[in-house]
Amino acid sequence: MKDQIRAIIVDDEPLAREGVRLHLEGEQGIDIIGAAGSGEEAVSLIETLRPDLLFLDVQMPGLDGFGVLEALGPGHMPVTIFITAHDHFAVRAFDAHAVDYILKPYDEARFGRAVARARTQIADRRRLEIDDRLGSLLTELRARNQYTERLVVRAGGRIVILRASEVEWVEAASNYVRIHAGGREYLLRETMTALEAKLDPAQFVRIHRSTLVRVDRIRELEPLFQGDYVVILADGTRLTSSRGYRERLQDLLQQSR
């Protein structure tokens, strides 16, 4: 039917997915078009099926609900009802940003109210408002931990969760950054400046407008001229610093004395 709402359920617990499905049996006009048991699977499913409505578990191993939001970007998220256990921080954040959620175990009345609000949002197509809410929610959640500990990247059509501690160095690549980690390369649609702001400056140093390096991967600094250096990494990779970023490298030299 033309006015059917197409929904996807994402939760790593099969019983929780079944609980959502059973509650939706009493709702008219909602067609469950897919279900996923992990964040990685959810990203692929959402991008392929483009649902109108998403039931998304917050706490999942690997890529959690907020990681799914980061991987897709708020502008590509369907109307979302978050599923959460009694995570008081998450509940406060959802309330503050007018983002809907249901608690485990599901309460029938609360479930019904969340679905009713989702119907209204879908019917009104208030995409800009919804995107702003999800974007501001994600900003607040990132601020909970000042610096990110993981990056959600793509490799060969897969979603990969890369720990910040695995990153060796990063170079700019047009509208992307190319991340070097464990002998592999990953592309991330991000500016160098934005990525640098997410990473702990005690662990990463910008050595060039186009290059960011993990400090503990630096093996040697080879002086060039006028304060510039060749930065030699543990695996032998040679990178060139530029004078605009030499102050931090000089700080590193001072600290090593």
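Further up the page is the structure itself.
This write-up is about the structure you can find in this document. Since we're looking at a predicted model, the values are computed, not measured.

**Some thoughts on the sheet that holds strand β14 (residues 229-233)**
And step 1. The three strands are arranged β13-β14-β15 in an open sheet whose pairing can be described as antiparallel. Only two strands of the sheet have a single partner each, and these edge strands are β13 (218-223) and β15 (238-240). Averaged over all neighbouring strand pairs, the angle between strand axes comes to 25°, with direction disregarded.

**Quick word on the packing of aromatic side chains**
And step 1. Scanning all chains against the criterion turns up three aromatic pairs.
And step 2. Centroid distance F55 to F111: 5.7 Å. Interplanar angle 10°. Geometry classified as stacked. One end of the pair, F55, is in strand β3 (residues 53-57); the other, F111, is in helix α5 (residues 108-124), with 56 residues separating them in the sequence. Here F55 and F111 have matching classes, each one buried.
And step 3. Plain terms: the ring middles of F66 and F82 are 6.1 Å apart, the flat faces sit at 45° to each other, and that makes the pair tilted. Taken together, the residues span a long stretch of sequence, with F66 in helix α3 (residues 65-72) and F82 in strand β4 (residues 79-84) at a distance of 16 residues. Neither F66 nor F82 differs from the other in exposure class; each is buried.
And step 4. Through a chain of ring-to-ring contacts, three or more aromatic side chains come together here, namely F55, Y106 and F111.
And step 5. Positioned above the aromatic ring of Y101 is the side chain of R110, whose terminal nitrogen or guanidinium carbon lies 4.4 Å from the ring centre.

**Things to note about the pattern of salt bridges**
And step 1. Under the criterion given, the structure shown has 16 salt bridges.
And step 2. K104 is paired through a salt bridge with D11; the nearest N and O atoms lie 3.1 Å apart. With K104 in the loop between β5 (101-103) and α5 and D11 in the loop between β1 (5-10) and α1 (14-24), this residue pair connects regions lying 93 residues apart in the sequence.
And step 3. According to the relative accessible area criterion, K104 is buried, its value standing at 17%.
And step 4. Across the salt bridge formed by E18 and R21, the nearest N and O atoms sit 2.3 Å from each other. Of this pair, E18 and R21 are both found in helix α1, three residues apart, which corresponds to roughly one turn of the helix.
And step 5. By relative accessible area, which is 31% here, E18 ends up partly exposed.
And step 6. Linked by salt bridges that have partners in common, D11, E13, D57 and K104 make up one network.

Rules used in this analysis
Residues numbered from 1 in each chain as written. Predicted model: local features only at pLDDT ≥ 70, side-chain atom pairs only at ≥ 80, totals over all residues. Heavy atoms only, no water. Pairing = 2+ DSSP bridges. Helix = DSSP H or I, 4+ residues; strand = E, 2+ residues; numbered from the N terminus. Axes fitted to C-alpha atoms, helices over the stretch in contact; angles between N-to-C directions. Phe/Tyr/Trp six-rings, centres within 6.5 Å; stacked < 30°, edge-to-face > 60°. Buried < 20%, exposed > 50% of the residue type's maximum accessible area, 1.4 Å probe, protein only. Lys NZ or Arg CZ within 6 Å of the ring centre and 35° of its normal. Salt bridge = Lys/Arg side-chain N within 4 Å of Asp/Glu carboxyl O.

Shape is all these values report; function is a separate question.
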